[in-house]
Amino acid sequence: MPVATLRSPTRVLSDLTAGAVVFLVALPLCLGVALASDAPLFSGVLAGIIGGILVGSLSGSNASVSGPAAGLSAIVAAQVALLGSFEAFLLAMIVGGLLQIGLGMARAGFIAAFFPSSVIKGLLAAIGAILILKQIPHVLGHDTDPEGDMGFQQPDHETTFSEFGQLLGDLHPGAATIGLLSILLLVVWQRAKPLKKSIVPAPLVVVLLGVVACLIFQRLGGRWAIAASHLVQVPVAESLSGFLGYLRTPDFTQWANPAVYTAGVTIAIVASLETLLNLEATDKIDPQQRVSPPSRELLAQGVGNVVGGLLGAIPMTSVIVRSSVNISAGARTKLSAIFHGVLLLVCVLLLPAYLNMIPLSCLAAILLVTGVRLASPVLVRQMWSEGRYQFIPFAVTLVSIVLTDLLIGIAIGLAVSIGFILNSNLRRPLRRTVEKHLGGEVLHIELANQVSFLNRAALEKALRDAPRGAHVLLDAQATDYIDPDILSLIREFKERTAPVRGVQVSLRGFRHKYQLKDEIRFVDYSTRELQGQLSPAQVLQLLKEGNERFRTGRPLWRDLGRQRDAAAKGQHPLAVVLSCIDSRSPTELIFDAGLGDIFSVRVAANVISRKVLGSMEYACAVAQAKLILVVGHTRCGAVTAAVDLACSTQSAEQAMGCQHLGTIVHEIQQSIDSAGCERIVHAPPEKKEAFIDAVARQNVERAVQQIVEKSHTINRLAREGRVVVTGAMYDIRTGKIDFLANEPVGTELVAATVAPTPETLEAASRSKPQ
């Protein structure tokens, strides 16, 4: 609590200064949007006041700022003309606001989760590009297009690009000087650390200096004097009654006009979509990466539009331009949005004459610099690095918004993004891999997240290509939707086609409503029949293949519940693995083995003792395991301790405080060359590590020899060819197991490389009841 209390004044100050900056930028934007909408100028200012105070208070977003929507200007102008009066349009706006409240209460904001990130980032970059293109003329004093217009086709009958042709003959030296100096000041302020950390935001300084420069140019007169058309133009009321006279009320006599409700639905849909898009974009650039509740935002916007309709404002939405300025100015909470609305109300009511002294060029400079931040080359490079499936929708959205308007551009971007999704789904509707389980090969067909009728041909081909007598696993674990046509295909193949061709079909992950029961029909664990069919060399090959799957990150999926139930009835392991207790070398994982496949014996440094030998004898003579594998590993702690102690005069208990470690250390030291030990005492770390790994390998080889020398039972089984004893080294860095080159005890070297034949595995699989 004390920390929060200390930081609270700083947070409030940041919000207040950010709110002041947003107020200065929002003022001309409010007027410009109203002008572009063919609505009274004050209706735009009123929308900014309501959007700041009322919507800002109700919103759950800490960074979003609401106000009159540039994207709705064409719709507002068209509906005002269609309905015959601005007052009739206000009634339609109330209808639209009520619909937005209903959408918010129905939690329709979930739609925002379906906007692809590439499209949202394209929106941000497009807004930045538009700000740059639109503000350059204003910075240079060419103000024929209303400030705040974001459309490609402009009210002055020019386009965003053709405006530059008109600019060449209409430069204003005074306004241009203020605009260019403002940009220079903003850039210097951002790069100079003392200024950047100042509590005074650069945009406020820019506006103050712009007003001072404007007054100086007025004194100079002539071409340098800045006319009213290049300044903010807030309606000036002579009195409070005059201010209240700017308010308009809706024409309720039009309540029976169907066109009013059509217009209301249009406003609700477009304003809601624009709000959700801008809210999502604002969250993307929020430094604290907070998530705004979209449904609550729809509710807040609906209330704002109802109140705006009653008082004479134009429709409002969350606005990315104001929001990005708010974030850039250091806003922490929604207090900044509320304060910007309060400033609009107070200053328009009490100080309109002073507001009309602010040059548009200095405000345009603030917006232009904001645009450069949004359309950052870093963002473009990031999207390029993510590949064409991200970059193309991003680029198309950017270009489309610049050449049309926000909503049309977003629609085009969404269409392209959906096209890529469909194309990806059609090209890779399923993932087809061949897995080698203990019971034989399984054709694993993994279905996509959405499986529509468009995927029928690909799935049908995959099933048709399954060889006779094969095992097929249809995996729907990652699937959210399967078209009924696809389900019908699967049922027909499973019940009719597969039995004729001798194909065993297993199902996994299918929901109950699909009327397809999950069933695994292949053997993925060791059984008595499988154990009896496999030779020691084939078991060794299976372990090698399992380690390769582990090393490459392609482990087999196993139904552990099914394996647990089977193992409860009896165990039939294929191998005994003697390994170190090191936590980095879990036996079942590094061999990608299932439950009940391996007898695991673990002791520090995998040393041999009477108890270890007794465990191995039981595993091979009684449980019929076919292989004994001794596995050492690199960077072994026990071997390291043995080497260090071999080169010193201390015992294990004296050096490490371990009473019973001495026996293990003594066993390991039998594999240490005393001359080599003396050489590595002062050797660099890499040479010492190599020496320790060499000792670990020698320790494995010694353990293999000890097993057959000290256990008559295992020696006899090895001579009879029923058991093979061999060793291996596990590299904890790479995950790879290096099997020792020495001939395995109990069989010829060549036999150790013989893989289990499909016939052997298939015979064992068939002999196990399904």
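Values in this document were obtained by computation on a predicted structure and should not be read as measured data.

Visitor: Sorry if this is basic, but what is going on with the overall build of the chain here?
Guide: Each helix and strand in the chain was counted, giving 33 helices and 13 strands. Here the chain has a C-alpha radius of gyration of 38 Å; the compact-globule value for 770 residues is 27 Å, and the former is much larger. Of all intrachain contacts in the chain linking residues separated by at least 6 positions in sequence, the fraction that spans at least 24 positions is 79%. Accessible surface computed for the chain: about 34,700 Å², of which carbon and sulfur atoms make up 60%. Positive and negative side-chain charges of the chain, numbering 67 and 61 respectively, have mean locations separated by a distance of 4 Å.

Visitor: What exactly am I supposed to notice about the sheet that holds strand β4 (residues 440-447) here?
Guide: Whenever strands of a sheet pair, they do so through backbone hydrogen bonds, lying parallel or antiparallel. Taken in spatial order, the four strands make up an open sheet running β3-β4-β6-β8, and their pairing is mixed. If you trace the sheet from one side to the other, it starts and ends with β3 (430-437) and β8 (504-508), each paired once. Taking each pair of neighbouring strands and ignoring which way they run, the sheet shows an average axis angle of 25 degrees. As defined by bridge partners, β4 adjoins strand β6 (residues 471-475) across five bridges and the pair is classed as parallel. Considered in β6, the bridge of L443 is made with V472. In the packing of helix α21 (residues 484-501) onto the sheet, the strands contacted are β6 and β8, and the crossing angle to β8 comes to about 155 degrees.

Visitor: Where do I start with the packing of helix α9 (residues 202-220) against helix α16 (residues 360-374) in this structure?
Guide: For any two helices packed against each other, the geometry comes down to the angle between their axes and how far apart the axes lie. Here α9 crosses α16 at 160 degrees, and the two axes come no closer than 9 Å. What the angle tells us is that α9 and α16 run roughly antiparallel. In this structure, the crossing between α9 and α16 has a hand that is right-handed. Contact with α9, carried on its side by P203, V206 and V207, involves C362, L363 and I366 of α16 and no other residues of that element. Residues that form the contact of α9 with α16 fall into these classes: six nonpolar, no polar and no charged.

Visitor: Would you take a moment to explain helix α11 (residues 258-285) for this structure?
Guide: Two residues of an α-helix separated by three or four positions point the same way, owing to the 3.6 residues in each turn. Here α11 is 28 residues long and its end C-alpha atoms lie 41 Å apart, about the 40 Å a rise of 1.5 Å per residue gives. Measuring from the backbone nitrogen of A259 back to the side-chain oxygen at the start of α11 gives 3.0 Å, which picks out N257 as the cap.

Visitor: Would you take a moment to explain empty space enclosed by the protein for this structure?
Guide: Any space left empty among the atoms is revealed by the rolling of a water-sized probe across them. Under the defined criterion, the tally for this structure stands at four cavities of 30 Å³ or more. By volume, the largest cavity is sized at about 140 Å³. For the largest cavity, the lining is made up of 18 residues, of which L438, L542, L543, A593 and D597 are closest to its centre. If you list the elements that add at least two residues to the lining of the largest cavity, you get β3 and α23 (536-551). With five residues, the top contributor of residues to the lining of the largest cavity is α23.

Visitor: What is the right way to look at the packing of aromatic side chains in this model?
Guide: Think of a pair of aromatic rings as described by two things: how far the centres are apart, and how the planes are tilted against each other in angle. Per the stated rule, a full pass over the model turns up eight aromatic pairs. Three or more aromatic residues joined by ring pairs make a cluster, and in this case those are W384, F391 and F394. Taking the ring centre of F739 as reference, the NZ or CZ of K544 above it sits at 5.2 Å.

Visitor: I tried to follow the pairing of strand β12 (residues 724-730) on my own but got confused; where do I start?
Guide: A regular strand places its side chains on the two faces of the sheet in alternate fashion. Most of β12 sits inside the fold, with seven of its seven residues counted as buried. Burial along β12 is two-sided: V724, T726, A728 and Y730 facing one way and V725, G727 and M729 facing the other are all buried. As paired elements, β12 and strand β13 (residues 737-739) share three bridges and run antiparallel to each other. Looking across to β13, one finds that A728 is bridged to F739. Hairpin remark: β12 followed by β13, antiparallel, with six residues in the connecting loop; positive phi at G735, about 80 degrees.

Visitor: What is the right way to look at the side chain of Q301 in this model?
Guide: By the secondary structure assignment, Q301 is in helix α12 (residues 294-311). Residue class for Q301 comes out buried when judged on its relative accessible area of 0%.

Visitor: Help me understand the nonpolar core, please; the structure alone is not making it clear to me.
Guide: Within the largest apolar cluster, 113 residues are counted, with the highest numbers of intra-cluster contacts made by I127, V321 and I358. The greatest single-element share of this core, amounting to twelve residues, is contributed by helix α5 (residues 117-139). Counting residues in hydrophobic clusters, the runner-up holds 48 residues, among them L578, A605, C620 and L645.

Visitor: What exactly am I supposed to notice about the sheet that holds strand β10 (residues 598-602) here?
Guide: A sheet is described by the order of its strands in space; here five strands give the open sequence β10-β9-β11-β12-β13, paired in mixed fashion. The open sheet terminates on both sides in strands that have one partner only, identified here as β10 and β13. The average angle at which neighbouring strand axes cross in this sheet is 25 degrees, direction not considered. Relative to β12, strand β11 (residues 627-633) is paired through seven bridges, and the arrangement is parallel. Of the residues in β12, the one forming a bridge with H633 is Y730.

Visitor: Any chance you could explain the layout of surface pockets here in plain terms?
Guide: Of the volumes computed, that of the largest pocket is approximately 1,000 Å³. Residue lining of the largest pocket: 36 residues in total, with I327, S328, A329, G330 and R373 positioned closest to the centre. The residue inventory of the lining of the largest pocket, partitioned by class, reads 21 nonpolar, ten polar and five charged. A volume near 470 Å³ is recorded for the second largest pocket. As for the second largest pocket, its lining consists of 32 residues, and the residues nearest its centre are A70, G71, S73, M150 and G151. Looking at the lining of the second largest pocket, the elements that each hand over two or more residues are α1 (2-36), α3 (73-83), α11, β2 (316-318), α13 (320-328) and α19 (406-427). When grouped by side-chain class, the residues that make up the lining of the second largest pocket number 19 nonpolar, nine polar and four charged.

Visitor: Quick question: what am I supposed to make of the pattern of salt bridges here?
Guide: Note on pairing: side chains with opposite charge can pair once their charged atoms come close. The final tally for this structure, using the stated rule, is 18 salt bridges. In this structure, the salt-bridge partner of D738 is R697, at a minimum N-O distance of 2.7 Å. Residue D738 is found in strand β13, and its partner R697 is found in helix α31 (residues 685-710); the two are separated by 41 residues along the sequence. We classify D738 as partly exposed; its relative accessible area is 38%. Here the salt bridges share partners, and the residues they tie into one network are R635, E689 and R733.

Visitor: So what exactly am I meant to see when it comes to a positive patch on the surface here?
Guide: Where like charges cluster on the molecular surface, the positive patch consists of K193, K196, K197 and R373. Looking at the secondary structure, you find R373 in helix α16. A residue is classified by how much of its surface remains accessible, and R373, at 38% relative accessible area, is partly exposed.

Visitor: How do you make sense of the packing of α5 against α16 when you look at a structure like this?
Guide: At a minimum axis separation of 7 Å, α5 and α16 run at an interaxial angle of 150 degrees. By the angle class used here, α5 and α16 are roughly antiparallel. The two elements α5 and α16 cross, and the hand of that crossing is left-handed. From α5, L124, A125, I127, G128, L131, I132, Q135, I136, H138 and V139 reach across to α16, where they touch S361, A364, A365, L367, L368, T370, G371, V372 and L374. Among the residues forming the contact of α5 with α16, the class breakdown is 13 nonpolar, six polar and no charged.

Each value, and the rule that gives it
- Residues numbered from 1 in each chain as written.
- Predicted model: local features only at pLDDT ≥ 70, side-chain atom pairs only at ≥ 80, totals over all residues.
- Heavy atoms only, no water.
- Helix = DSSP H or I, 4+ residues; strand = E, 2+ residues; numbered from the N terminus.
- Rg over C-alpha atoms; globule rule 2.2 N^0.38 Å.
- Contact = heavy atoms within 4.5 Å.
- Areas by Shrake-Rupley, 256 points an atom, 1.4 Å probe, with all protein chains shown as cover.
- Lys, Arg positive; Asp, Glu negative; His and termini not counted.
- Charge placed at Lys NZ, Arg CZ, Asp CG, Glu CD.
- Pairing = 2+ DSSP bridges.
- Axes fitted to C-alpha atoms, helices over the stretch in contact; angles between N-to-C directions.
- Parallel < 35°, antiparallel > 145°, perpendicular 65-115°, else oblique.
- Left-handed = near helix turned anticlockwise from the far one by under 90°.
- Nonpolar A, V, L, I, M, F, W, Y, C, P; charged D, E, K, R; others polar.
- Expected span 1.5 Å × (residues − 1).
- Polar contact = N/O pair within 3.5 Å; in protein donor to acceptor, adjacent residues only side chain to side chain.
- 1 Å grid on protein atoms, 1.4 Å probe; cavity = no way out; pocket = protein on both sides within 12 Å on 5 of 7 lines; lining within 4 Å.
- Points joined across faces, edges and corners; volume = space filled by probe spheres on them.
- Phe/Tyr/Trp six-rings, centres within 6.5 Å; stacked < 30°, edge-to-face > 60°.
- Lys NZ or Arg CZ within 6 Å of the ring centre and 35° of its normal.
- Buried < 20%, exposed > 50% of the residue type's maximum accessible area, 1.4 Å probe, protein only.
- Core = buried A, V, L, I, M, F, W, Y, C linked by side-chain atoms within 4.5 Å.
- Salt bridge = Lys/Arg side-chain N within 4 Å of Asp/Glu carboxyl O.
- Patch = residues over 30% accessible without salt bridge, like charges linked within 9 Å, V, L, I, M, F, W, Y side chains within 5 Å.

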